[in-house]
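The residues making up each chain are set out below.
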Protein chains: 2
Amino acid sequence: MFDSIAIVGAGAIGTYYGARLALAGNDVRFLMRGELAHVRAHGVRLVDQAGTQVLAPAAAFGTAEEIGPVDLAFVTLKATANRELPRLLPPLLHAGTLVVTLQNGLGNEEAIAAIAGAGRTLGGLCFIAATRTAPGEITCFHPGTIHLGECAGPATDRTRALAALLTAAGVRTHAEDSLAEARWRKLVWNVPFNGLAVVAGGITTDRILASPPLAARVRVLMDEVAAAARALGHTVPEAFICAQIERTPAIGAYQPSSLVDFLAGREIELEAIWGEPLRRGQAAGVAMPELARLYTELKQTTLK
Amino acid sequence: MFDSIAIVGAGAIGTYYGARLALAGNDVRFLMRGELAHVRAHGVRLVDQAGTQVLAPAAAFGTAEEIGPVDLAFVTLKATANRELPRLLPPLLHAGTLVVTLQNGLGNEEAIAAIAGAGRTLGGLCFIAATRTAPGEITCFHPGTIHLGECAGPATDRTRALAALLTAAGVRTHAEDSLAEARWRKLVWNVPFNGLAVVAGGITTDRILASPPLAARVRVLMDEVAAAARALGHTVPEAFICAQIERTPAIGAYQPSSLVDFLAGREIELEAIWGEPLRRGQAAGVAMPELARLYTELKQTTLK
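Bear in mind the structure is a predicted one, so any value in this text is a computation, not a measurement. (Residues numbered from 1 in each chain as written. Chains lettered and ligands numbered in written order. Predicted model: local features only at pLDDT ≥ 70, side-chain atom pairs only at ≥ 80, totals over all residues. Heavy atoms only, no water.)

Draft legend 1. Fine view of the overall build of chain A. A count of helices and strands for chain A gives 13 helices and ten strands. Computed over the C-alpha atoms, the radius of gyration of chain A is 19 Å, within 12% of the 19 Å expected from 2.2 N^0.38 for a compact globule of 304 residues. Judged by the C-alpha coordinates and their principal axes, chain A covers about 50 × 40 × 35 Å. Taking all 304 residues of chain A together, 55% fall into the buried category. (Helix = DSSP H or I, 4+ residues; strand = E, 2+ residues; numbered from the N terminus. Rg over C-alpha atoms; globule rule 2.2 N^0.38 Å. Buried < 20%, exposed > 50% of the residue type's maximum accessible area, 1.4 Å probe, protein only.)

So this is what it looks like as structure tokens:
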């Protein structure tokens, strides 16, 4: 069913999943920029709890045209790079190609559906900690799970086939009946912790919770995001919100992905994580003053 | 103060801390067996969230005599290998050598103090997830913290000097005023989860908690260990026990270290983690029927 697979934007997460799929015997073609020459020469080195494996040769390409049409394309670009999609996606598509965004936040399925059509678009939420630890080397510090879903509507046979493909490659997956609800639930954590870590001067999650004023903002932001999600028809139980706070101390001095980007001088996913949720919540009639404040602070902090 | 450092038993944990100390400029000498030739030829490769670093050359030795007297020795052997200490430790000692055990469970400080004297013995509890991922390569999946303490009594200037040495090498540390209490608190988690993971057929912590009978045994075992600790004069608040259970789901499908040993065909630390706590609790007048049952089951499971 998926005889050829493209990874569009092979950063740490895309390269990790792509290499797992390739090591399991699939035809995987990586579209990459920065490490293209290194990966062509030396392949990809994958480190995780199961040990270290080298994928060599790795099929790495500099343009989508060289890759050509595939059965399945994973989009793992930063959401800030979605302006490149109209150039990158079309060469990869045939009539039956499925496109799966593994990006953060809101608006990515829509950006892809505008090119590939909603009927061919799926999405996934990655709960993973994977980082580039050396040229061509990706280390997965926590494997987590991919929550997969259709762009709209419940999981189908093809969602489950995609989950099975990943499971066979050693990647834990879960098929969601509402991708949008899953995205909003993930935002309950990402909106406060990713945002406050940046605006509070580059601090880890333990220090956010150790500061009474910041911890209070976490709670208000979570309530606002949950209120917006509920106004849009999603279920976000109170117990879910509590669990998001209670489980955070266990992860210790954690750097949310946006803080990692910020500290590395990379653009943060401002619109996908804060701007788009704010606009959608406000459009649904939910007042989100604390999110509006955080969004403004993030713009001031990062657009210097 | 610590001009020369020996790592006695350079498995994953010892090699990780030793390499961190060496990369920070310290004179570190590794006593190792299995990977001696590889490490001599290629050094140690260290992977963690900060990236990948190579320590080459690494000062690796096959005997304690070749290493000679040092100012500081970390013992990172499995507790099951403590019978080797009377042979391994004496060549490393001069009048002022400090010996720090980073081993699990109870009885290790005593085994070292019998050779080096209690006045030169310290201990540390490692909350870390580090694994050998390829020959000579150690990956640290979660850096955690070392809780350091004196063999008896509160932290002193030398405990803090040792903590500062490790901190300067990028290792998070915490100086404990009661090492024994910290060890008993760690056992509150290790006794049930390390043990049940093995006797229930090799299952991860999420599956232990998903089984009502096993989850019930977790709670009873935690209460027994806490009762023994309290009978010995240590403080173990009820809230501490609750937190141990509540935070475990967040770590997902986790393999406790004893399960990793068991699955790899290595001896588990039966006496340090279960036998010695059982004997000490019973000697203090605490009935520990559930721990006695688990200890018996572990013997039957692992001594085949």
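Right, picking up where we left off after that structure.
Draft legend 2. Region of interest: helix α9 (residues 212–231) of chain A. All names here are of chain A. With 20 residues, α9 extends 29 Å between its outermost C-alpha atoms, agreeing within 8% with the 28 Å of an ideal straight helix rising 1.5 Å per residue. Of all the residues in α9, the buried ones are Leu214, Arg217, Val218, Leu221, Met222, Glu224, Val225, Ala226, Ala228 and Ala229. Its buried side turned inward, α9 meets α7 (179–199), α8 (205–210), α10 (238–246), α12 (270–283) and α13 (289–302). Note on α9: the residue one or two positions beyond its end, Gly233, has a positive phi of about 95 degrees. (Expected span 1.5 Å × (residues − 1). Contact = heavy atoms within 4.5 Å.)

Draft legend 3. Layout of the nonpolar core. One finds B:Leu72, B:Phe74 and B:Leu162 to be the most contacted residues of the largest nonpolar core, which totals 39 residues. Leave out the neighbours within four places in its chain, and B:Leu72 touches B:Phe2, B:Ser4, B:Ile5, B:Ala6, B:Thr97, B:Leu98, B:Val100, B:Leu162 and B:Leu165. Core analysis: the second largest hydrophobic core is formed by 38 residues, A:Tyr17, A:Leu98, A:Val100 and A:Leu165 among them. (Core = buried A, V, L, I, M, F, W, Y, C linked by side-chain atoms within 4.5 Å.)

Draft legend 4. Here's a closer look at the interface of chain A and chain B. Listed by partner, the interface residues are 21 residues for chain A and 21 residues for chain B. It is A:Gln49, A:Phe141 and A:Arg247 that lose the most area in chain A upon contact with chain B, and together they represent 31% of the buried surface on that side. Counting across the chain A and chain B interface gives two salt bridges. Its salt-bridge partner being A:Glu137, residue B:Arg45 comes within 2.2 Å of it at the nearest N-O pair. Our count for the contact surface shared by chain A and chain B stands at six residue pairs in polar contact (both at pLDDT 80 or more). Looking at the side of chain A that touches chain B, the elements that each hand over two or more residues are β3 (44–48), β4 (51–55), β8 (121–134) and β9 (137–150) of chain A. (Buried area = accessible area lost by both parts, 1.4 Å probe. Salt bridge = Lys/Arg side-chain N within 4 Å of Asp/Glu carboxyl O. Polar contact = N/O pair within 3.5 Å; in protein donor to acceptor, adjacent residues only side chain to side chain.)

Draft legend 5. Representation of unusual backbone geometry within the structure. Cis geometry marks the peptide bond from A:Ala56 to A:Pro57, where omega comes out at 0 degrees. Tracing the backbone through its elements, the reader meets A:Pro57 in the loop between β4 and β5 (59–61).

Draft legend 6. Fine view of empty space enclosed by the protein. Residues and elements named next belong to chain B. Inspection of every chain in the model, using the stated rule, returns one cavity of 30 Å³ or more. Estimated volume of the largest cavity: approximately 70 Å³. In terms of lining residues, the largest cavity is bounded by Leu102, Gln103, Asn104, Gly105, Gly124, Leu125, Cys126, Arg183, Lys186, Leu187 and Asn190. Every element with two or more residues in the lining of the largest cavity is listed here: β8 (121–134) and α7 (179–199). For the lining of the largest cavity, the element with the highest residue contribution is α7, accounting for four residues. Of the residues belonging to the lining of the largest cavity, the class tally is four nonpolar, five polar and two charged. Residue assignment places the lining of the largest cavity across two domains, with domain 1 (5–177) and domain 2 (181–302) each supplying three or more. (1 Å grid on protein atoms, 1.4 Å probe; cavity = no way out; pocket = protein on both sides within 12 Å on 5 of 7 lines; lining within 4 Å. Points joined across faces, edges and corners; volume = space filled by probe spheres on them. Nonpolar A, V, L, I, M, F, W, Y, C, P; charged D, E, K, R; others polar. Domains from an automatic or database assignment.)

Draft legend 7. Structural view of the domain arrangement of chain A. All names here are of chain A. Domain boundaries in chain A define domain 1 (5–177) and domain 2 (181–302). Between domain 1 and domain 2, the buried area comes to about 1,500 Å², and carbon and sulfur atoms account for 53% of it. Here domain 1 is connected to domain 2 by three salt bridges. A salt bridge links Arg280 to Glu110, with the shortest nitrogen-to-oxygen separation between them at 3.2 Å. Along the contact surface separating domain 1 from domain 2 lie nine residue pairs in polar contact (both at pLDDT 80 or more). Elements with a minimum of two residues in the side of domain 1 that touches domain 2: α5 (108–116) and β8. Among the elements that take part in the side of domain 1 that touches domain 2, β8 stands out by supplying five residues, more than any other. Broken down by class, the residue content of the side of domain 1 that touches domain 2 amounts to five nonpolar, eight polar and five charged.

Draft legend 8. Geometry of the pattern of salt bridges. Following the criterion strictly, the structure yields 46 salt bridges over all chains and no others. One continuous salt-bridge network, built from bridges that share partners, spans A:Glu110, A:Glu271, A:Glu276, A:Arg279 and A:Arg280.

Draft legend 9. Structural detail: the packing of aromatic side chains. All names here are of chain A. Scanning the model with the defined rule gives seven aromatic pairs over all chains in all. Judged by centre distance (6.2 Å) and plane angle (65 degrees), the ring pair of Trp189 and Tyr254 falls under edge-to-face. Placement of Trp189 in helix α7 and of Tyr254 in the loop between α10 and α11 (257–263) is noted, with a sequence separation of 65 residues between them. The class for Trp189 is buried, based on a relative accessible area of 13%. Using a relative accessible area of 31% as the deciding quantity, one classes Tyr254 as partly exposed. The side chain of Lys186 reaches across the aromatic face of Phe127, ending 4.9 Å from its centre. (Phe/Tyr/Trp six-rings, centres within 6.5 Å; stacked < 30°, edge-to-face > 60°. Lys NZ or Arg CZ within 6 Å of the ring centre and 35° of its normal.)

Draft legend 10. Region of the structure containing the relation of the copies chain A and chain B. The transform that puts chain A on chain B rotates by 180 degrees and translates by 0.1 Å along the axis, for an RMSD of 0.0 Å. Both copies of the chain, as the preceding transformation shows, are related through a two-fold rotation axis. Judged by C-alpha distance, A:Phe141 is the residue of chain A that lies nearest the rotation axis, at 2.3 Å. When the interface residues of chain A are mapped onto chain B, 100% of them again lie at the interface, so the same face is used by both copies. (Least-squares fit on C-alpha atoms with pLDDT ≥ 70 in both.)

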